[in-house]
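# Structural description and commentary
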Amino acid sequence: MSNKFYYIFRSSELFLTKDYTLPTSLPESLADSVIDSLDLVLSGRAAHAVLLRDEVPRDSIVSASVSGSHSASVDGLDGSWIRLRALTGSEDPVLAPLSAPACRALGLLNWHNSTRFCGRCGHPLEEHHSEIARRCPSCNHVFYPRISPAIIVLVRKEGKILLARHAARNQEVFSCIAGFLEHGESLEECVAREVREEVGISVKNVVYAGSQSWPYPDQHMVAFYADWASGEITPDLAEISEARWFDPDNLPNSPMRGTVAWNLIHGVFGASSKK
Ligand SMILES: [Zn+2]
């Protein structure tokens, strides 16, 4: 029996025991599915993070808030797979504290699993002796965990908010405008560019709202509010299939609790949400 907590992931689902706590060992039936693992310190104590092949039966995942009333046996295991996104939005006193260390564990596992060879010379990488990093024994280049900054913005106009359906994502859900930061631009410039490119309008009063780890696989979402300045909504039809102004009291299907978009839409980020 190990005294370490195990953070076991398949894709973005975390395995918890039937009591919704972290296991202290890897269930035997999962051992053959391990594709990567890391020893880490999470929440101040030694932990072992494990990434499994993505073969989760979708019907065995608990996606709603966890009340303890769910069946505790899935996949023949004495426990449950919980969506990390649901943990992040949970107000459960047992589950909510798991969100931050689990996001760290998953982000590092995703990085570690996709950073196996030197990008300069192609040599297989080794673990760095003292840091969370990988080192090339051939050319000495050191690869640190990658975090990709991205913006997400809620645009407001005369009491209404702009939400869009994303062509490549869940088509039933209207969400905020989002996109990756590019070299050479500020986060505020990124906000203005993404809104202009995706829905054809100009914004002003871009203000920082908050930020959140989003390890799917390696983003850090930086959230903003902005006000409409000029232009008519014109979806680009490549990334955005439809965009409209919505009354905050009459919202369409929108992202689940725990997402950055939910926090923006529901004013969890700062006092500047309502205007
Ligand atoms: Zn190299």
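Fair warning: this is a prediction, and the values are worked out from it, not measured in the lab.

### Looking at the overall build of the protein chain
Each helix and strand in the protein chain was counted, giving 4 helices and 17 strands. Across the 275 residues that make up the protein chain, the buried fraction comes to 35%. Counting only contacts in the protein chain whose residues sit at least 6 apart along the sequence, the fraction spanning at least 24 positions is 58%.

### Section: helix α3 (residues 187-199)
Here α3 is 13 residues long and its end C-alpha atoms lie 18 Å apart, about the 18 Å a rise of 1.5 Å per residue gives. Buried within α3 are the following residues: Cys190, Val191, Ala192, Glu194, Val195, Glu198 and Val199. Positive phi appears at glycine 200, one or two residues downstream of α3, with a value of about 75°.

### Quick word on unusual backbone geometry
Glycine aside, residues mostly have negative phi angles, and peptide bonds mostly take the trans form. Cis rather than trans, the peptide bond between tyrosine 216 and proline 217 has omega equal to 15°. Along the polypeptide, proline 217 turns up in the loop between β15 (202-214) and β16 (219-230). You will see that tyrosine 20, though not glycine, has its phi angle at about 60°, which is positive. Structurally, tyrosine 20 can be placed in the loop between β2 (13-17) and β3 (34-42). In the Ramachandran plot, glutamate 158 falls in the positive-phi region, its phi being about 50° despite a non-glycine side chain. As for its placement among the helices and strands, glutamate 158 is situated in the loop between β11 (148-157) and β12 (160-166). A count of 8 C-beta atoms within 10 Å places glutamate 158 in the exposed class.

### Considering the confidence of the model for the protein chain
With 89% of its residues at a pLDDT of 70 or more, the protein chain shows a mean pLDDT of 88. This model gives residues 58-74 a pLDDT under 50, and the stretch forms 31 contacts once residues within four places in sequence are excluded. Long-range and interchain partners of residues 271-275, a stretch whose pLDDT sits below 50, account for 7 contacts in this model, where long-range means more than four residues apart.

### Description of helix α2 (residues 99-114)
With 16 residues, α2 extends 22 Å between its outermost C-alpha atoms, agreeing within 8% with the 22 Å of an ideal straight helix rising 1.5 Å per residue. With 13 of its 16 residues buried, α2 lies for the most part within the structure.

### A closer look at the sheet that holds strand β9 (residues 134-135)
Ordered in space as β8-β9-β10, the 3 strands form an open sheet in which the pairing is antiparallel. Looking along the sheet, the strands with just one partner apiece sit at the ends: β8 (126-127) and β10 (142-143). Taken together, the 2 bridges between β9 and β10 define a ladder with antiparallel strand orientation. When the bridges of β10 are listed, arginine 135 appears paired with valine 142.

### Section: the pairing of strand β1 (residues 5-10)
Burial analysis of β1 places 6 of its 6 residues in the buried class, which makes it a mostly covered element. Here β1 shows two buried faces, one formed by Phe5, Tyr7 and Phe9 and the other by Tyr6, Ile8 and Arg10. When β1 meets strand β4 (residues 45-52), the two strands line up parallel, connected through 6 bridges. Each bridged residue has a counterpart across the sheet, and for isoleucine 8 the counterpart in β4 is valine 50. Looking at chain direction, β1 and β2 are connected through 2 bridges and run antiparallel. Note on β2: the bridge partner recorded for phenylalanine 9 is leucine 14. The turn linking β1 back onto β2 is made up of 2 residues, and serine 11 within it adopts a positive phi angle of 55°.

Criteria and cut-off values
Residues numbered from 1 in each chain as written. Predicted model: local features only at pLDDT ≥ 70, side-chain atom pairs only at ≥ 80, totals over all residues. Helix = DSSP H or I, 4+ residues; strand = E, 2+ residues; numbered from the N terminus. Buried ≥ 20, exposed ≤ 12 C-beta atoms within 10 Å, placed from the backbone. Contact = placed C-beta atoms within 7 Å. Expected span 1.5 Å × (residues − 1). pLDDT = per-residue confidence, 0-100. Pairing = 2+ DSSP bridges.

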